[in-house]
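# Examination of the molecular architecture
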Amino acid sequence: MFRISILELAFTCALILLVLVVPIMVARFQARMDSRLKDIEKKIDKKKQQ
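## Observations regarding the overall build of the chain
When helices and strands are tallied, the chain shows 1 helix and 0 strands. For the chain, whose C-alpha radius of gyration is 22 Å, the value lies well above the compact-globule estimate of 10 Å for 50 residues. The dimensions of the chain, computed from C-alpha atoms along their principal axes, are 75 × 10 × 5 Å. Split into buried and exposed, the 50 residues of the chain put 0% on the buried side. If you sum the accessible surface of the chain, you get close to 5400 Å²; carbon and sulfur atoms cover 67% of it. With 10 positive and 5 negative side-chain charges, the chain shows a separation of 6 Å between the mean positions of the two kinds.

Encoded structure:
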């Protein structure tokens, strides 16, 4: 019978977390920053036009 230790289980869960969750969080952060930059660019363009 195959026996898994708690350390191995924790290591496996950490790898799954790194592979799946971290890229999703990075993508969300980039999308949020892109929207903020677009808003700032719009404000700057409005100020230049006035």
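Let us keep going from here.
## Comments concerning the environment of Leu37
Topologically, Leu37 is positioned in helix 1 (residues 6-49). Distance from Leu37 to Val26, taken between C-alpha atoms, is 16 Å for residues 11 residues apart in sequence.

## With respect to helix 1
Owing to its 3.6 residues per turn, the α-helix brings residues three or four apart onto one side. Here helix 1 contains 44 residues, and its C-alpha end-to-end distance of 63 Å stays within 8% of the 64 Å for a straight helix at 1.5 Å per residue. Where helix 1 bends most, the angle comes to about 30°, and this point is Leu18.

## Topic: a positive patch on the surface
A contiguous patch of positive charge, built from Lys38, Lys42, Lys43, Lys46 and Lys47, is present on the exposed surface. Inspection of the secondary structure assignment puts Lys46 in helix 1. Classification of Lys46 as exposed rests on a relative accessible area of 55%.

Cut-offs applied
- Residues numbered from 1 in each chain as written.
- Predicted model: local features only at pLDDT ≥ 70, side-chain atom pairs only at ≥ 80, totals over all residues.
- Heavy atoms only, no water.
- Helix = DSSP H or I, 4+ residues; strand = E, 2+ residues; numbered from the N terminus.
- Rg over C-alpha atoms; globule rule 2.2 N^0.38 Å.
- Buried < 20%, exposed > 50% of the residue type's maximum accessible area, 1.4 Å probe, protein only.
- Areas by Shrake-Rupley, 256 points an atom, 1.4 Å probe, with all protein chains shown as cover.
- Lys, Arg positive; Asp, Glu negative; His and termini not counted.
- Charge placed at Lys NZ, Arg CZ, Asp CG, Glu CD.
- Expected span 1.5 Å × (residues − 1).
- Bend = angle between axes of the 7 residues up to and from the residue.
- Patch = residues over 30% accessible without salt bridge, like charges linked within 9 Å, V, L, I, M, F, W, Y side chains within 5 Å.
- Salt bridge = Lys/Arg side-chain N within 4 Å of Asp/Glu carboxyl O.

Scope: geometric values only; no functional claims are made or implied.
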